[in-house]
Amino acid sequence: MVDHREESSSGRHGLLTRPVKVPRWVAALVILLIVALFFVAGSLLQGRSARVGPMELVSFRDLLPSIAGVTQGRIVDGNSVEIIQDAEFFDRLIADIDAATETVHFETFVWWRGRVCRRLADAFVRAADRGVTVRVLLDAWGTRRMAEDLRGSMEEAGVSVLAYHPIRPGTIGVLNNRDHRKLAIVDGRIGYAFGHGTAEEWDRDGGSDPWQDTAVRVEGPLVTSLQTAFLDNWIPVSREVPTGKAVFPELEPMGSVRGHVVMSSGAGPFSLVKVLYKLAIASAQEEILIQTPYFVPDSAVVELLVAAVDRGVRVRLMVPGPEVIDSRLVCHASHTRYDDLLEGGIEILEYRPSLLHKKIVVVDQIWSHVGSTNFDSRSLEINDEVSVGLIDRGVAAVLIREFERDARRSRRLDPRTWRPSWAHRLLDASAATLQEQL
């Protein structure tokens, strides 16, 4: 039915009552320009690299103070460290939150759906109800699937829930920079660095084969550095500067493990975590173990890995198999490096039961690196990341045992039979053109 009043009015004033049709090519151009601006914004935050060559040292251990110093950290003695695998992480973290008396700080990239989301939110609410100050920092993009009722229940209980780089027109310049850090600090005395997301994919009730991941639980002086890493993003987002003994208590030695924390972000003259990886690979003398869900290194890292094999280092890389990885694009991009890696003597293992989401590097059975950092350009150049380097043969032995267990459930690629079809290689090459954003 036509509204004759509107028609009459438009006739008097010469206005059009129907929407203007935009040609498809104009709409496509606008979309292309938006995408280009997005990637340009990301590119402005990267392109930061540093040359690292093989190190001539008596032992890898000799270089560790330099590795920590160059990446703006320092080695701290006197820590107790526990390696926690898979869904057990949530049980341990919630138990620590339930015992908190002063502060709980939590930072993550992923918060999706599932029973574990309710469990963790309820733990935050219980803590706030006891008078504990609870601060939760969520990446706006990674947590966009979070149930609004959970956020509302936490905020109603007094939990401070903030979003990192919320998605709106005014933030287009930083939208490509995401907070991929995964941290939890309880009472300033217990710290966690982990790779887990808060979602059913990581939970034992989420399916028969939940995603595999690793967390490190720390007590001792190293927790101060983890707290600093949390505040590094909390302060600019909240405009609040938490202080006092509830945040930075005096920490006594709790064990014998030495360690350091490395933070990395899209800003700065070079990527700290990329330099960390390069120095570790360049100075290894016996063995390098790498577990990562996304492996898209640049050519310099590939050269360093091959050079390590040439000097007698055994290099083993474990990634998810193509049948279980959650990003086929990343999988294809990583395949462009497999020829050089396999020909260079690197062992490549594809984990098959479920998504291997661990971010682990172990060098010479003495130094272990655990945290949120993937082995791709997005983690190494664009996102904010945090990881812990641990100098302890006992900790390394635990991670090596887990690596060997995972290896028994993996398929080792044979360099003699690695012959992808031309169609597969075309997909690989196409995906590789986007590797700076993967």
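Above this text sits the structure in question.
Residues numbered from 1 in each chain as written. Predicted model: local features only at pLDDT ≥ 70, side-chain atom pairs only at ≥ 80, totals over all residues. Heavy atoms only, no water.

Enquirer: Explanation requested: the pairing of strand 11 (residues 347-351) in the structure shown.
Expert: On a regular strand, one side chain projects to one face of the sheet and the next to the other, so that they alternate. Burial analysis of strand 11 places five of its five residues in the buried class, which makes it a mostly covered element. Neither face of strand 11 is exposed, since Glu 347, Leu 349 and Tyr 351 on one face and Ile 348 and Glu 350 on the opposite face are all buried. With three bridges joining them, strand 11 and strand 15 (residues 410-412) adopt antiparallel strand pairing. Pairing of Leu 349 across the sheet is with Arg 412, part of strand 15. (Buried < 20%, exposed > 50% of the residue type's maximum accessible area, 1.4 Å probe, protein only. Helix = DSSP H or I, 4+ residues; strand = E, 2+ residues; numbered from the N terminus. Pairing = 2+ DSSP bridges.)

Enquirer: Just to check I follow, could you spell out unusual backbone geometry for this structure?
Expert: Phi is mostly negative for residues that are not glycine, and the peptide bonds are mostly trans. We note that Gln 72 has phi near 60°; this positive angle belongs to a residue other than glycine. On the secondary structure map, Gln 72 appears in the loop between helix 3 (60-70) and strand 1 (76-85). Given a relative accessible area of 67%, Gln 72 falls into the exposed group. The backbone of His 165 shows a phi angle near 50°, a positive value even though the residue is not glycine. Turning to its location among the elements, His 165 is positioned in the loop between strand 4 (160-164) and strand 5 (183-186).

Enquirer: Got a minute to help me understand helix 4 (residues 88-98) in this structure?
Expert: Residues spaced three or four apart along an α-helix point in a common direction, a consequence of the helix completing one turn every 3.6 residues. Buried residues of helix 4: Phe 89, Phe 90, Leu 93, Ile 94, Asp 96 and Ile 97, and no others. Seen from one end, helix 4 has its buried residues packed into an arc of 160°, which puts them on one side. (Arc of directions from axis to C-beta.)

Enquirer: Help me understand the nonpolar core, please; the structure alone is not making it clear to me.
Expert: In summary, soluble globular proteins display a tendency toward joint burial of nonpolar side chains. Of all hydrophobic cores here, the largest spans 48 residues; its most connected members are Phe 106, Trp 111, Phe 124, Val 134 and Met 154. Counting only elements with at least two residues in this core, the list comes to helix 4, strand 2 (103-108), helix 5 (115-129), strand 3 (133-139), helix 6 (148-156), strand 5, strand 6 (190-194) and helix 10 (328-335). With nine residues, helix 5 is the single largest residue contributor to this core. The residues contacting Val 134, other than those within four sequence positions of it, are Val 104, Phe 124, Ala 127, Ala 128, Val 159 and Ser 160. With 44 residues, the next largest nonpolar core counts Ala 280, Leu 317, Ile 391 and Leu 413 among its residues. (Core = buried A, V, L, I, M, F, W, Y, C linked by side-chain atoms within 4.5 Å. Contact = heavy atoms within 4.5 Å.)

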